[in-house]
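# Overview (structure and organization)
So you can see what is in the structure, the chains are spelled out below.
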There are 2 protein chains.
Amino acid sequence: MEVKNFAIAIHGGAGTVSKSSMSKWKERAYKEVLRRAVTVGSIILQKGGRALDAVMEAVMIMEDSSLFNAGRGSVFTADGKHEMDAAIMNGRNLKAGSVAGVTDVKNPILLARMVMKKSKHVLLTGEGALNFAKEQDLELKPKEYFFDQSRYNQWLRAKEKNKVALDHDEASNNKFGTVGAVALDKKGNLAAATSTGGMVNKKYGRVGDSPIIGAGTYANNATCAVSCTGHGEYFLRYCVAHEVSSLIKYANKTLEDASELIINGVLKSAGGRGGLIAIDTLGNVAMPFNTSGMYRAYKISLEKEFISIY
Amino acid sequence: MEVKNFAIAIHGGAGTVSKSSMSKWKERAYKEVLRRAVTVGSIILQKGGRALDAVMEAVMIMEDSSLFNAGRGSVFTADGKHEMDAAIMNGRNLKAGSVAGVTDVKNPILLARMVMKKSKHVLLTGEGALNFAKEQDLELKPKEYFFDQSRYNQWLRAKEKNKVALDHDEASNNKFGTVGAVALDKKGNLAAATSTGGMVNKKYGRVGDSPIIGAGTYANNATCAVSCTGHGEYFLRYCVAHEVSSLIKYANKTLEDASELIINGVLKSAGGRGGLIAIDTLGNVAMPFNTSGMYRAYKISLEKEFISIY
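What comes next is a walk through the structure. These figures come from a predicted structure and were not determined experimentally. (Residues numbered from 1 in each chain as written. Chains lettered and ligands numbered in written order. Predicted model: local features only at pLDDT ≥ 70, side-chain atom pairs only at ≥ 80, totals over all residues. Heavy atoms only, no water.)

### What to know about the sheet that holds strand β11 (residues 224-230) of chain B
All names here are of chain B. Formally: Strands qualify as paired when DSSP identifies two bridges or more between them. Working definition: helices are DSSP H or I runs of at least four residues, strands are E runs of at least two. Numbering for both runs from the N terminus. Contact definition: two residues touch when any of their heavy atoms are within 4.5 Å. Fitting a line to C-alpha atoms yields each axis, with helices limited to the stretch in contact; the angle taken between N-to-C directions then spans 0 to 180 degrees.
Strand order in the open sheet formed by four strands is β10-β11-β12-β13, with antiparallel pairing between adjacent strands. Bordering the open sheet on either side are β10 (217-219) and β13 (285-286), each of which pairs with just one other strand. Bridge count for β10 against β11 is three bridges, and the pairing is antiparallel. Opposite T217, over in β11, you have S227 as the bridge partner. Packed onto the sheet, helix α8 (residues 240-251) meets β10, β11 and β12 (274-280) and runs at close to 145° relative to β11. Its contacts with the sheet place helix α9 (residues 255-270) against β11, β12 and β13, and it is angled at close to 165° to β12.

### As for the environment of T77 of chain B
Residues and elements named next belong to chain B. This is how it is decided: Three exposure classes are used, based on accessible area relative to the maximum for each residue type with a 1.4 Å probe and protein chains only: buried under 20%, partly exposed in between, and exposed over 50%.
Mapped onto the elements of the fold, T77 is located in the loop between β2 (68-69) and β3 (84-90). Looking at T77, the relative accessible area reads 2%, which means it is buried. In sequence terms T77 and K159 are 82 residues apart; their C-alpha atoms lie 9.7 Å from each other.

### Here we look at the relation of the copies chain A and chain B
What connects the two chain copies is a rotation about an axis and a shift along it. Spelled out, the test is: The least-squares superposition of copies is restricted to C-alpha atoms, and to residues with a pLDDT of at least 70 in both copies.
When chain A is fitted onto chain B, the two copies agree to an RMSD of 0.0 Å after a turn of 180° and an axial shift of 0.0 Å. Here the copies are linked by what is in effect a two-fold axis. Relative to the rotation axis, the C-alpha of Y250 of chain A is the closest in chain A, positioned 2.6 Å from it. Mapped onto chain B, 100% of the interface residues of chain A again fall at the interface, so both copies present the same surface.

### Considering the layout of surface pockets
To keep things clear, this is the line we draw: Method remark: on a 1 Å grid restricted to protein atoms, a set of points is classed as a cavity if a 1.4 Å probe fits but cannot get out and as a pocket if it is open with protein on both sides within 12 Å along at least five of seven lines; lining residues have an atom within 4 Å of a point. Grid points are joined across faces, edges and corners, and a volume is the space filled by probe spheres set on the points.
Computed from the structure, the largest pocket encloses a volume of approximately 1,000 Å³. Lining the largest pocket we find 39 residues, and of these G126 and E127 of chain A together with G126, E127 and G128 of chain B sit closest to its centre. Looking at the lining of the largest pocket, the elements that each hand over two or more residues are β4 (95-102) and α4 (126-135) of chain A together with β4 (95-102) and α4 (126-135) of chain B. At six residues, the largest contribution of residues to the lining of the largest pocket is made by α4 of chain B.

### Observations regarding the interface of chain A and chain B
Heads up, the rule is: Summed over both partners, buried area is the accessible surface (1.4 Å probe) that two parts give up on being assembled. Criterion for a salt bridge: a side-chain nitrogen of Lys or Arg within 4 Å of a carboxyl oxygen of Asp or Glu. What qualifies as a polar contact is a pair of N or O atoms within 3.5 Å, subject to a donor-acceptor requirement within protein and to the restriction that residues adjacent in sequence count only when both atoms come from side chains. Residues are sorted three ways: Asp, Glu, Lys and Arg are charged, Ala, Val, Leu, Ile, Met, Phe, Trp, Tyr, Cys and Pro are nonpolar, and all the rest, Gly among them, are polar.
Contact with chain A, which involves 38 residues of that partner, is made by 38 residues of chain B. Interface area for chain A against chain B, summed over the two sides, is near 3,300 Å², with a carbon-plus-sulfur share of 63%. Three residues stand out in chain A for area buried against chain B, namely Y204, R237 and Y250 of chain A, and they jointly supply 25% of the buried area on that side. Viewed at the interface, chain B and chain A are joined by zero salt bridges. In this structure, the connection of chain A to chain B is made through 20 residue pairs in polar contact (both at pLDDT 80 or more). Taken together, the elements giving at least two residues each to the side of chain A that touches chain B come down to β4, β5 (123-125), α4, β9 (206-207), α7 (232-237) and α8 (240-250) of chain A. Among the elements that make up the side of chain A that touches chain B, the one with the highest residue count is α8 of chain A (six residues). Tallied by class, the residues present in the side of chain A that touches chain B amount to 21 nonpolar, eight polar and nine charged. In this sheet, strand β5 (residues 123-125) of chain B lies alongside β9 of chain A in antiparallel orientation, the contact comprising two bridges. Each residue of the ladder has a partner; that of R206 of chain A, found in β5 of chain B, is L124 of chain B.

### Comments concerning the nonpolar core
Our working definition: Among the buried residues, those of types Ala, Val, Leu, Ile, Met, Phe, Trp, Tyr and Cys that are joined through side-chain atoms within 4.5 Å form a nonpolar core.
Grouped together as the largest cluster of nonpolar side chains are 102 residues, with contacts concentrated most on L276 of chain A together with L276 of chain B. Apart from residues lying up to four places away in sequence, L276 of chain B is in contact with V226, S227, C228, V240, V244, S259, I262, I263, A286, M287, P288 and M294 of chain B. Core analysis: the second largest hydrophobic core is formed by 55 residues, F6, V99, V105 and A193 of chain A among them.

### A look at the packing of α8 of chain A against α8 of chain B
How we decide: Each crossing is labelled by how the near helix is turned from the far one, with a counterclockwise turn of less than a right angle marking it left-handed and a clockwise turn marking it right-handed.
The interhelical angle for the contact between α8 of chain A and α8 of chain B, taken along N-to-C directions, is 35°, at an axis separation of 10 Å. With respect to the hand of their crossing, α8 of chain A and α8 of chain B are arranged in right-handed fashion. Contact residues: H242, E243, S246, L247, K249 and Y250 of chain A in α8 of chain A; H242, E243, S246, L247, K249, Y250 and A251 of chain B in α8 of chain B. When grouped by side-chain class, the residues that make up the contact of α8 of chain A with α8 of chain B number five nonpolar, four polar and four charged.

### What to know about the packing of aromatic side chains
Each aromatic ring pair is described using two quantities: the centre-to-centre distance and the angle formed by the ring planes. All names here are of chain A. This is how it is decided: Only the six-membered ring of Trp is used, alongside the rings of Phe and Tyr, when aromatic pairs are assigned; centres must lie within 6.5 Å, and planes under 30 degrees apart are stacked while those over 60 apart are edge-to-face, with the rest tilted.
A full pass over the atoms with the stated rule returns 22 aromatic pairs over all chains. On the basis of an interplanar angle of 90° and a centroid distance of 5.0 Å, the ring pair of Y145 and F146 is categorised as edge-to-face. Neither Y145 nor F146 differs from the other in exposure class; each is buried. Taking the centre distance of 5.2 Å and the plane angle of 45° together, the rings of F147 and Y152 count as tilted. For Y152, a relative accessible area of 28% translates into the label partly exposed.

### Topic: a negative patch on the surface
Convention followed: Note that patches include only residues with greater than 30% relative accessible area and no salt bridge, and the join distances are 9 Å for like charges and 5 Å for nonpolar side chains (Val, Leu, Ile, Met, Phe, Trp, Tyr). The Shrake-Rupley method, run with a 1.4 Å probe, gives the accessible areas here. Residue values count only the displayed protein chains as cover. Residues scored as charged are limited to Lys and Arg (positive) and Asp and Glu (negative), so that His and the chain ends carry no count. Here the site of a charge means atom NZ of a Lys, CZ of an Arg, CG of an Asp or CD of a Glu.
There is a patch of like negative charges on the surface, built from D79 and E127 of chain A together with D79 and E127 of chain B. Mapped onto the elements of the fold, D79 of chain B is located in the loop between β2 and β3.

### Quick look at the packing of helix α3 (residues 108-118) of chain A against α4 of chain A
All names here are of chain A. Where we set the bar: Here roughly perpendicular refers to angles of 65 to 115 degrees, roughly parallel to angles under 35, roughly antiparallel to angles over 145, and oblique to all remaining angles.
Contact geometry for α3 and α4: axes closest at 10 Å, N-to-C directions at 80°. Overall, the two elements α3 and α4 adopt an arrangement that is roughly perpendicular. Residues L111, M114, V115 and K118 of α3 pack against A129, F132 and A133 of α4.

### Describing the pairing of strand β14 (residues 293-300) of chain A
Residues and elements named next belong to chain A. Counting buried positions along β14 yields eight of eight residues, so the element is predominantly enclosed. Here β14 shows a buried face lined by G293, Y295, A297 and K299 and a second buried face lined by M294, R296, Y298 and I300. Across seven bridges, strand β1 (residues 7-15) lies against β14 in antiparallel orientation. By the bridge assignment for β14, I10 is matched with A297. Pairing analysis gives five bridges linking β14 to strand β15 (residues 304-308), with the strands arranged antiparallel. Across the sheet, Y298 pairs through a bridge with F306, a residue of β15. Hairpin connection, β14 to β15: the antiparallel pair is bridged by three residues, and S301 has positive phi, about 50°.

Structure below.
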C-alpha cells in the first residue's frame, strides 16, 4: 500500500539567532542550502526512493556546506581538531548506525550508514571509527578542507575565555550547530539522521546527543522519526527522541503535542535549550524549539514547502 | 518522609551459563563477590546513605574482582587493549555521567561519577576521558593489572576465529560480561550504575549500551532505575532502559511487567539476548533475562537476600 503523502523535514541547528544580527545575504545563503537539502530529499521520495536515502542525502548537502556545524563546517575542538558525530536510524526495522568523535571523514552521516549496513555494531568511536571508514573506502579530507576562518576565530575567542560553547552561544553567530533530517517515504517508512561538529572548544572527547540513538536521533514506523539539536547534555539525560516516541505510543499524544511537551515543557523547565524536528507516518511534521531560532525546512509531497529561521 | 524499604539489586552479566560447565568452587567464587557487593551497598543504604553511593560502591567491588568483565576483569580488544565503558545516573535529578572506550582507569564507574559531578558533560570518550580522569586524580593502573591469563587465552581463541564475541558466547565461560547495580535509598531516591569491558576482540572503537543513558543505564524517581546486560547493539536500538521507564510512566505497567515485556517479549522476538535489573520507589525488584543465566543478587532492607546464577 502506498501512502499519499511523502514528506521530509530538516534542521540546521537551534539557538540564539536574532534577526538583527543576521545580514540579508547571510540569511539568503542559509535558506538556499536548506532549500537545496529539502528539495533533493523530496525528489528522492517523489521517485519512490527510501526515507533512509532521503535523510542521508539531505544531511550530506548540509555537511558539505561550510555554513553548518557538521562535516565541512565543523567547529574546532580544544585541540584544534574537528571531531564529528552522526547517527542514522531506519524506522522500518529499528536498525541504526552511528559514529562519535570521528575525524577526517568528509561525510560522517555516510559513515554512520555504513556502520548500520556493513558492521555488526551500532556505535563506533574515535580512531576505530576512522579505521572502519578507511576499510569502507569512504572519502577522507585533509585538515584544510575543514578549515574556515570564521570558525577558527570563533575558536580563538572561546579559547581565550577558556570555555566550552555551543556554536550558537556566540554573539557573532557566523555558524550554527548540528544538522538533521527526518522523512516519510511512499511506502510509509520513516527514517532519521543527525550530524554535528559538536561544541566549540570541546575537550575530553565529549559526545553530545546527536549520535546517540534515543537521545538525538530516533525512528520507529510505529510512532515517528526525530532529529534533535541543542544543548546535548540535556537531550541525553532526557532521552528526548525516544521520549517523543513513547509519548505517542503509550500516552496517546499527537506528534505535535508530544514534541511540544518535551521541548517547550520538560526541557524548557529544566533549562535545556534546543529544538527538534519530527515526522509521523501520516506525514505530520512538528518543529518546536525553545530558542530564538532554528534553521528549518520541510516539504510535504512536492507542493507544500516551508523554510524559516526565526 | 522516609520510606520503609531500602533495596539494592546487582548483576554480573547475562548469557549462556550452564550448571554443568560451572564447577562448584567457581560458582562459589562468583556468588561470594555478588554477596559482598550487595551487602556493602545494602549497609550504605541502611545507614541512610544515598542510592548513588550504594550503586557505585557495589559496582566498584565487581570492577575490582577479576571474575567479571568490567574494570580489572575487562576482556581484550582486537588491539590487545582494555577499553572500558561505564555510566551512572541519579534518579532524583536525572543527572548522569558516563565514559566510553576509556583505558587504564581502575574504576570506570568512579570516573563516570566524576563526569557527572565535576564536568559540564554527560558522556566523555577515549583519550579525552582518560585526560579528564588524570585531572581528577583518579587511580590509574598499568596494563598488568588488567591482565588475566584466561581472558588472554579467550582473546587468542577469538582472534583465531577472527570474530567479535560477547564474553558469554565462549563455551569455556571463564568470565562473563558487564556489571551493574540499581538501588532505592531511605529517602526514596533511585540510582543506576553499569560498567563493562565490552566485547571480546572488539574493533573499531565499538561502544555498546552500558554507557548510554536510556539504553543500558537509566534512573528516574518517577518510575524506576535500570541496568542492562547482554548483546549491546539490541539494547541500543530498543532504548531498553528508557523503554522500561516509559512503559511504567505512560502505559501503567508494573515494574515486573514492563521489564518482562521488553526482555522476554520485544527483545527475545528480535533476537536480542540479555537481561536487566530494575527497581522502583516501592522497593520492587525485577531481574528478567532471556539467556540461560544471569549473575544476580538483591537485598531488600537487611533481611531479604537473594543470590543466583541460573
